[in-house]
Amino acid sequence: MAILEEKLDEIVLEHLGDQFVEEWDVNALLVDLQTYYPTRLDAETIVALDVADEVSAAVVEEALTLYGEKCENFPGGLDTAKEIERDVMLQILDQRWREHLSDMDYLRDGIHLRQVAQQDPLTAWQKEGYLMFEHLLNAVDLDYVRYITHVEAVDPDALSDEGLDGAVTNVNEVAPGGTELPSHEAPKKSGATEREKLGRNDPCWCGSGRKFKQCHGRS
């Protein structure tokens, strides 16, 4: 689960970084972690670790342990877990790719206006398109971590009737803050006025679960 390790490490460093222990926003970190997996760590334990890298290692170890225990309870064990992981990833890719195409259409429709600001529309298109694609890849990984750690096992009889799809509960309910899965409707374009109303500490309009200032609000 390299994705799990990488993303949880990023989340910890995002909240703690190079700051002194006294400056750590531990409560915000715990709230953020709860959206990705049901952590049992508390503020006192995190502060006692004293170093951000140690906190990251503890978080990753706990998440991997909890997920490993969950996989062992799946009907079919790891084989079923791999099937579920693949299914979840495919659904996330499908939904996020649709959103990305919609955002690219939105960008294309207004890119010619950059000439008013003395910017080359082609250069702006290439630069912003690249940043949006990077965001797509990051959002896919974050959604995957959020959903896969909230997967629940079901009774084997239910699995035999419903197939592997029955091994996953409604992840839209157990993994708050992520893109709904699956979605069969084309995503709606977000208007500029809606995005401009967001405060820097509000959740980002893209659904990544991060604050606007830490996502699309970065200057």
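Just so it is clear, the structure is predicted and the values come from calculations on it, not from any experiment. (Residues numbered from 1 in each chain as written. Predicted model: local features only at pLDDT ≥ 70, side-chain atom pairs only at ≥ 80, totals over all residues. Heavy atoms only, no water.)

A tally of helices and strands in the protein chain yields nine helices and zero strands. Taken from N to C terminus, the helices and strands of the protein chain fall in the order α-α-α-α-α-α-α-α-α. For the protein chain, buried positions account for 40% of its 219 residues. Nonlocal contacts in the protein chain, meaning residues at least 24 apart in sequence, comprise 64% of its contacts between residues at least 6 apart. (Helix = DSSP H or I, 4+ residues; strand = E, 2+ residues; numbered from the N terminus. Buried < 20%, exposed > 50% of the residue type's maximum accessible area, 1.4 Å probe, protein only. Contact = heavy atoms within 4.5 Å.)

On to a nonpolar patch on the surface. On the surface, Trp97, Leu101, Phe133 and Leu137 cluster together into a nonpolar patch covering about 380 Å² of accessible area. Residue assignment for the nonpolar patch shows that the elements contributing at least two residues are helix 5 (78-110) and helix 6 (121-148). Counting through the fold element by element, Leu137 comes out in helix 6. (Patch = residues over 30% accessible without salt bridge, like charges linked within 9 Å, V, L, I, M, F, W, Y side chains within 5 Å. Areas by Shrake-Rupley, 256 points an atom, 1.4 Å probe, with all protein chains shown as cover. Salt bridge = Lys/Arg side-chain N within 4 Å of Asp/Glu carboxyl O.)

For the rest of this paragraph, the subject is helix 4 (residues 52-72). Taking 1.5 Å per residue, 21 residues should reach 30 Å; helix 4 reaches 30 Å between its end C-alpha atoms and fits that length. Residues of helix 4 that are buried include every one of Ala52, Val55, Ser56, Ala58, Val59, Val60, Glu62, Ala63, Leu66, Tyr67, Lys70 and Cys71, and no others. Where the residues of helix 4 are buried, they touch helix 1 (2-15), helix 2 (26-34), helix 3 (43-49), helix 5 and helix 6. (Expected span 1.5 Å × (residues − 1).)

The next subject is the confidence of the model for the protein chain. Confidence in the prediction for the protein chain averages 78 pLDDT; 75% of positions are at 70 or higher. Scored below 50 in pLDDT, residues 182-193 makes 19 contacts in the model with residues more than four places away or belonging to other chains. (pLDDT = per-residue confidence, 0-100.)

Phi angles above zero are rare outside glycine, and Asp50 is one such case at about 75°. Its location among the elements puts Asp50 in the loop between helix 3 and helix 4. At Gln118, a position not held by glycine, the phi torsion is positive, near 60°. Among the structural elements, Gln118 can be located in the loop between helix 5 and helix 6.

Turning our attention to the nonpolar core. Counting 23 residues, the largest nonpolar core has Leu8, Trp24, Leu29, Tyr37, Ile46, Val55 and Val59 as the members making the most contacts within it. Broken down by element, the residue count for this core peaks at six residues, all from helix 4. Excluding residues that lie within four positions of it along the chain, Tyr37 makes contacts with Leu8, Val59, Glu62, Ala63, Leu66, Thr149 and His150. Ala81, Val140, Tyr144 and Ile148 belong to the second-largest nonpolar core, a separate cluster that totals 14 residues. (Core = buried A, V, L, I, M, F, W, Y, C linked by side-chain atoms within 4.5 Å.)

Moving on, we come to the side chain of Thr149. On the secondary structure map, Thr149 appears in the loop between helix 6 and helix 7 (156-162). A relative accessible area of 5% places Thr149 in the buried class. Polar side-chain contacts of Thr149 include one of 3.3 Å to the backbone oxygen of Arg146. With residues up to four places along the chain from it excluded, the contact list for Thr149 reads Leu4, Tyr36, Tyr37, Pro38, Tyr67 and Lys70. (Polar contact = N/O pair within 3.5 Å; in protein donor to acceptor, adjacent residues only side chain to side chain.)

Three or more residues of helix 2 are buried, namely Val26, Leu29, Leu30, Asp32 and Leu33. In a view along the axis of helix 2, the buried residues occupy a sector of 165°, so they form one face of it. Opposite the packed face of helix 2, turned more than 90 degrees from it, sit the exposed residues Asn27 and Val31. Looking at the buried positions of helix 2, the neighbouring elements they touch are helix 1, helix 3 and helix 4. (Arc of directions from axis to C-beta.)

For the pair helix 1 and helix 2, interaxial distance at closest approach is 9 Å and the crossing angle is 155°. Classified by the interaxial angle, the pair formed by helix 1 and helix 2 is roughly antiparallel. In this structure, the crossing between helix 1 and helix 2 has a hand that is right-handed. Where helix 1 abuts helix 2, its residues Leu8, Ile11, Val12 and His15 lie against Ala28, Leu29, Asp32 and Leu33. Tallied by class, residues from the contact of helix 1 with helix 2 come to six nonpolar, one polar and one charged. (Axes fitted to C-alpha atoms, helices over the stretch in contact; angles between N-to-C directions. Parallel < 35°, antiparallel > 145°, perpendicular 65-115°, else oblique. Left-handed = near helix turned anticlockwise from the far one by under 90°. Nonpolar A, V, L, I, M, F, W, Y, C, P; charged D, E, K, R; others polar.)

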